[in-house]
Protein chains: 2
Amino acid sequence: MQHPDQDPPPVGTGDDAGERSTIEKTLSLVGDRWTILVLRASFRGIRRFDDFCNDLGIARPILTARLRKLVAAGLMTKELYQERPPRYEYRLTPSGIALSPAIVALVRWGDEHMATGAPTTRLVHAPCGTELEQGFWCRSCATTFGPGAIRGVPTGDGHDR
Amino acid sequence: MQHPDQDPPPVGTGDDAGERSTIEKTLSLVGDRWTILVLRASFRGIRRFDDFCNDLGIARPILTARLRKLVAAGLMTKELYQERPPRYEYRLTPSGIALSPAIVALVRWGDEHMATGAPTTRLVHAPCGTELEQGFWCRSCATTFGPGAIRGVPTGDGHDR
C-alpha cells in the first residue's frame, strides 16, 4: 500500500488545484513572521517607516522588502507625506484590513498553545477593555457558534470535489 | 538614515523576542499548504489515513510526515482502529480544534482576495445553511465589532514593550 515514489500533484493541476494554489499564494504572502508583525503594527495604527522600525526593531532592508511586497499585493498603500527628504506613509487597504481576523486568530492561538511565557499583549474591545473573543456568527440565527457547527458546501462553481 | 548592513535581531533575543519566536513557531507548524489542507479535512470529519489520501490527492509520504508533525505538536492524536493490518485514526485535540478560526479566516481571505476563480466550497452554519461570518465578540458589551475597535494592552507579564 505504500507508494514512496509517488510525487505530490503539481500545483496548478488536478481537481482542487485552484484551492491548493490559493492557499499557497496566501501563505507565500502572509506566512512569514516579519510580514505578520508589520501587519500587526499597522493594525495598531503605525504608518511611518521609522515608526515601524522603532516599534518592531526590524532592519530597514527587511522592512523595505516586506512593505514593498504588501503594497504590490494590494494590502497596503504607500503615500508621500513629506517631500524633502521624501517620506512615506503605509496604510492598510480594505483587503489588508480584511486579514485581521486571520492574523489575530493565528497570534492568539500561538500565544495560548505555543508560547513559553505569558503573552506580552492582550487584545481587548477598545471601548470597554474586555478581552476580545473570536467566533463564527450566523446572521440568520443571530447566534455565535463553534467549529463543530461548520459545514462545507460545494458551490457548484469552479471545480467539483 | 539607511543601514543596509544592519542584521535583523536574532530570534530569541531582544525585547519582544518571545512574541516573535512564538509567531515563528506557529508558522513553522501550520504555515504550509499541505498542513492546512490536512487540518481542513480533519475539521470536515476525516480521520483515516486512506480517506485523507483520497480526499486530498496527497502523496502518502507527505501525508505521513504532516500527520507525524501534527501529532508531535499535540494538535492531533493517533489511535489504532484495526490491528491486521494496523490502521490508525487521526483526530484533532482541543488544541487542534482551537486552530479552526485561524485556518477558516486565512482560507476565506484567500478565497476572496487571492483566488483566480470562484471558491469550490462555502462554509455555512450547519443547522441552517447560512454562510458563516467571522468577527470579534465582546462578552461585556454583548456585541460584535470590527478590527477598528481592537486595542492591544500590555499585560505586565512577560516582556514589557
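The paragraphs below set out a description of the structure included in this document.

A few words on the overall build of chain A. Looking only at helices and strands, chain A has six helices and six strands in total. Mapped in sequence order, the helices and strands of chain A form the string α-α-α-α-β-β-α-α-β-β-β-β. A buried classification covers 43% of the 161 residues belonging to chain A. Looking at chain A as shown, the accessible area adds up to about 8000 Å², and 50% of this sits on carbon and sulfur atoms.

Let us look at the pattern of salt bridges. Applying the stated criterion across every chain yields a total of 20 salt bridges over all chains. Between B:Asp32 and B:Arg66 there is a salt bridge; the shortest N-O distance is 2.9 Å. Of this pair, B:Asp32 sits in the loop between helix 1 (17–30) and helix 2 (33–43) while B:Arg66 sits in helix 4 (residues 60–72); the two residues are 34 residues apart in sequence, bridging distant segments of the chain. The exposure classification of B:Asp32 matches that of B:Arg66, with both residues buried. Residue B:Arg122 is joined to B:Glu131 by a salt bridge in which the shortest nitrogen-to-oxygen separation is 3.6 Å. What makes B:Glu131 partly exposed here is its relative accessible area of 36%. A network of salt bridges, in which partner residues are shared, links A:Asp32, A:Arg66 and A:Lys69.

All right, on to the packing of helix 2 (residues 33–43) of chain A against helix 4 (residues 60–72) of chain A then. All names here are of chain A. The geometry of helix 2 relative to helix 4 is characterised by a closest axis approach of 10 Å and an angle of 75° between their N-to-C directions. Comparing the axis directions of helix 2 and helix 4 gives the class roughly perpendicular. Side by side, helix 2 and helix 4 meet where Trp34, Thr35, Val38 and Leu39 of the first sit next to Ile62, Leu63, Arg66, Leu67, Lys69 and Leu70 of the second. Its residues placed into classes, the contact of helix 2 with helix 4 shows seven nonpolar, one polar and two charged.

All names here are of chain B. Axis separation between helix 2 and helix 6 (residues 100–113) bottoms out at 11 Å; the angle between their running directions is 115°. Judged on the interaxial angle alone, helix 6 and helix 2 are roughly perpendicular. For helix 2 against helix 6, the interelement crossing comes out left-handed. Of the residues in helix 6, those in contact with Ile36, Leu39, Arg40 and Phe43 of helix 2 are Ser100, Ile103, Leu106 and Val107. Of the residues contributing to the contact of helix 2 with helix 6, the split by class is six nonpolar, one polar and one charged.

Criteria and thresholds
Residues numbered from 1 in each chain as written. Chains lettered and ligands numbered in written order. Predicted model: local features only at pLDDT ≥ 70, side-chain atom pairs only at ≥ 80, totals over all residues. Heavy atoms only, no water. Helix = DSSP H or I, 4+ residues; strand = E, 2+ residues; numbered from the N terminus. Buried < 20%, exposed > 50% of the residue type's maximum accessible area, 1.4 Å probe, protein only. Areas by Shrake-Rupley, 256 points an atom, 1.4 Å probe, with all protein chains shown as cover. Salt bridge = Lys/Arg side-chain N within 4 Å of Asp/Glu carboxyl O. Axes fitted to C-alpha atoms, helices over the stretch in contact; angles between N-to-C directions. Parallel < 35°, antiparallel > 145°, perpendicular 65-115°, else oblique. Contact = heavy atoms within 4.5 Å. Nonpolar A, V, L, I, M, F, W, Y, C, P; charged D, E, K, R; others polar. Left-handed = near helix turned anticlockwise from the far one by under 90°.

Shape is all these values report; function is a separate question.
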